[in-house]
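Per-entry structural report
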Amino acid sequence: MNYSAKRGSFSILSWRKRDGAPNDRTIGSIHDSILVYGKSLAPGSLRTIGEESLNLMPRTEKANQQYQVFDEPDGPDPRGPFRKIDTTANAKGGRDVPSLHFGITNPHTGEVVYPRDGTCWRHSEVEMSRLQEDGRLYWGVKGTGRTPMRKLFLNEAKDGMATPSILPGMPLNQHAARELEVHFGKKSVFETPKPVGLLELLVSIGSSPGDIVVDFFAGSGTTGEAVYRLNVNAGEDRRYILVQLPEPLGQDNGSSRAAVETCQQRGLPLVLSALTQERLRLAGKSLHESSPMFHGDLGFRAFKLDHSNIRAWDPSPEDLEAALFDGVEHLREGRSEQDVLYELLLKLGLDLCAPIEDRTIAGKTVHSIGAGTLFVCLPKKVTADEVEELALGIAGWREELKTAGETTVVFRDSAFADDVAKTNASAILEQHGIENVRSL
Ligand SMILES: C[S@@+](CC[C@H](N)C(=O)[O-])C[C@H]1O[C@@H](n2cnc3c(N)ncnc32)[C@H](O)[C@@H]1O
C-alpha cells in the first residue's frame, strides 16, 4: 500500500509473524505492519516512499531459478541463463494496435509468423527486428516456434528485486525467540524480539554499505546483529546506533525471570540495556567464530546519557568567593577521563567510534583520537618541570602519526601549576605546528 504526500510518503509492508492465529481472539493477528517512510528528495517526484533512497531487495534463489540455460538450434546462448518473456500482448476488447501486427521471419525455418489471434506484438517492428538481429528472440529448442519469446538474461537483470508489500519467506516470531535462546542458552530472556532475518531485509533495503543504521527502540538488539550479519555475509561496512532505555529488570516489575537470572548469572546490571549489550557481544563472538575470514569490526561502544562533565558556572551571589574557588576545577567530581574524552568527541563532532590510542608521556596518560586529530591529556596535576617533556612528547607523537589536517590538544585547565606553565605548553606545541590548544 503506497501513500504519497508532498515531500514525503510512506508504504506499508506486511510481515507474517506467526503461523497460526492466536485462538483467544475472534480475529487473530498473524502479521505486523511495517511502516516504510522515506523523504522524497525530488519535490513532485512521481516515485513514492522516497524510492530513490531505497534499495531493491537482494535477489532470491527462487527468483534466479527462473533463469535457465535453454537449448537452441545453434547451441545455448553464450550470454548465459535467461528468462523467456512473452512478446505478445492481449489485443482483445479494443486493445488492438494495428501497427503491432506485422510479420517476422523465423531465422531457423524462414517462416514469416504473425501474432496469435486475439494478440498483437508487444514491441514495435523496429524493436522486434533489433531483438531478432541481436539474437534475443527464442524460437524453441528446435527453432520451430511460431511465437518467439524475448530473452532476458540474468546478467542483465536488475541487481535486486522490488520488495513485495507482503514480505516473502520471512522468519517468524518463534525464530526470533529461538535466536535469543541460542545466544543466552535460556528461553524468553526478552519478550518481543524480532527475527534477525527480518531486520536484515529491512536494513538492506533501507540503507547502503557505509551507512549508519539507527534503531531508537533497540530491545534485544536484533538490528545490531542484523548489521553484523550483513557485513559478514556481504563484506559490507554498515554501522549502527542502538538506543535502549536502561529499564530496570526485577521480578517485581514483571520482567521475565529468565532476564533477571541471565543478568545475575553473567554479572550484568539488572537493566534491559545490559541484555541488549550482552546479545551484541554474543552475536559478534559467534559470527567471529563462524566466519574467521571476516576481519571487519563486530564490536561496539556503549554510552549512557548523562549531564555534562563540565560544571556550569552557577555562582551563588551570597558567596561569590567560594564559587570562584569552586570554579577552579571545571570538571565534575567522580567523572572518569573516558567520560570527558567522549564528551569532547561529541562536542568536536568527532566519530564516537574513532580509533583511540593511549600513551604515557612524562608520566601522564595522553589519548590520541583519530590518528592525532585530537590529543587529550586530563591528569589532575602537571608541574612546571613536566610541561616541556609532555608538550614535546605530544608533538613528537603527532609527527610519528603523520596526522593529516589540523590537530587539537585539550588539557585539564586546573592541572597546570600556573598560567606560565600553561602558556609554555601552548608555545612548545605551537612551535611544532599545533595551534589549537584548549583547556577544560
Ligand atoms: C518492541 S521492543 C523492540 C524489540 C526489538 N526490535 C528486538 O528485536 O528486540 C521496544 C523496546 O524499546 C524500548 N523503548 C521504549 N521507549 C524507549 C525510548 N524512549 N528510548 C529508548 N528505548 C525505548 C523498550 O524498552 C523496548 O525494549
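Because the structure is a prediction, the values reported are computed rather than measured.

What surrounds the ligand is a group of 15 residues, the closest being Lys 194, Ser 220, Thr 222, Gln 244 and Glu 247. Here a nitrogen atom of the ligand sits 3.3 Å away from a polar atom, N or O, in the main chain of Leu 245. Between Glu 247 and the ligand, the recorded distance is 2.6 Å, taken from a side-chain N or O atom to an oxygen atom. Considered on its own, the ligand offers 600 Å² of accessible surface; in the complex 72% of this is hidden by protein.

Val 366, Leu 390, Ile 394 and Phe 411 are the most contacted members of the largest nonpolar core, which totals 20 residues. Looking at this core, the elements that each hand over two or more residues are strand 15 (374-377), helix 10 (384-401), strand 16 (408-411) and helix 11 (419-431). With five residues, the single largest contributor to this core is helix 10. Apart from residues no more than four positions distant in its own chain, Phe 411 is found in contact with Cys 377, Leu 378, Leu 390, Ile 394, Phe 416, Ala 425, Leu 429, Val 437, Arg 438, Ser 439 and Leu 440. In terms of nonpolar packing, the next biggest core, distinct from the first, is built from 14 residues, Cys 263, Leu 272, Ala 274 and Leu 275 among them.

Read from one edge to the other, the open sheet built from five strands follows the order 13-14-15-16-17, with strand pairing classed as mixed. Two strands bound the open sheet, and with one partner strand each, they are strand 13 (356-361) and strand 17 (436-439). Between one strand axis and the next, the sheet turns by 20 degrees as a mean value, whatever way the strands run. Taken together, the four bridges between strand 15 and strand 16 define a ladder with parallel strand orientation.

Another aspect to go through is the packing of aromatic side chains. A ring pair, where both rings are aromatic, is described by two values, the distance of the centres and the angle of the planes. One pass over the structure, following the stated rule, counts nine aromatic pairs. Relative to Phe 82, the ring of Phe 70 lies with its centre 4.9 Å away and its plane at 45 degrees, an arrangement referred to as tilted. Separated by 12 residues along the polypeptide, Phe 70 in the loop between helix 1 (61-64) and strand 4 (82-86) and Phe 82 in strand 4 bring together distant segments of the chain. A relative accessible area of 1% places Phe 82 in the buried class. One aromatic cluster in this structure is built from Phe 70, Phe 82, Tyr 138 and Phe 153.

Together, Ile 212, Val 214, Phe 216, Phe 217, Ile 241 and Val 243 make up a nonpolar patch on the protein surface, roughly 620 Å² of accessible area in all. Examined against the element boundaries, Phe 216 turns out to sit in the loop between strand 11 (212-215) and helix 5 (222-234). For Phe 216, a relative accessible area of 57% puts it in the exposed group.

A few words now on helix 3 (residues 173-184). For helix 3, which comprises 12 residues, the first-to-last C-alpha distance of 17 Å matches the rise-based estimate of 16 Å (1.5 Å per residue) to within 8%. Among the residues making up helix 3, those that are buried are Ala 176, Glu 179, Leu 180, His 183 and Phe 184. Buried residues of helix 3 fall within an arc of 120 degrees about the axis and therefore sit on the same side. Tucked inside the fold, the buried residues of helix 3 contact helix 4 (196-206), helix 5, helix 6 (257-265) and helix 7 (272-290). Looking one or two places after helix 3, you find Gly 185, whose phi comes out positive at around 65 degrees.

What counts and how
- Residues numbered from 1 in each chain as written.
- Predicted model: local features only at pLDDT ≥ 70, side-chain atom pairs only at ≥ 80, totals over all residues.
- Heavy atoms only, no water.
- Near = heavy atom within 4 Å.
- Polar contact = N/O pair within 3.5 Å; in protein donor to acceptor, adjacent residues only side chain to side chain.
- Areas by Shrake-Rupley, 256 points an atom, 1.4 Å probe, with all protein chains shown as cover.
- Core = buried A, V, L, I, M, F, W, Y, C linked by side-chain atoms within 4.5 Å.
- Buried < 20%, exposed > 50% of the residue type's maximum accessible area, 1.4 Å probe, protein only.
- Helix = DSSP H or I, 4+ residues; strand = E, 2+ residues; numbered from the N terminus.
- Contact = heavy atoms within 4.5 Å.
- Pairing = 2+ DSSP bridges.
- Axes fitted to C-alpha atoms, helices over the stretch in contact; angles between N-to-C directions.
- Phe/Tyr/Trp six-rings, centres within 6.5 Å; stacked < 30°, edge-to-face > 60°.
- Patch = residues over 30% accessible without salt bridge, like charges linked within 9 Å, V, L, I, M, F, W, Y side chains within 5 Å.
- Salt bridge = Lys/Arg side-chain N within 4 Å of Asp/Glu carboxyl O.
- Expected span 1.5 Å × (residues − 1).
- Arc of directions from axis to C-beta.

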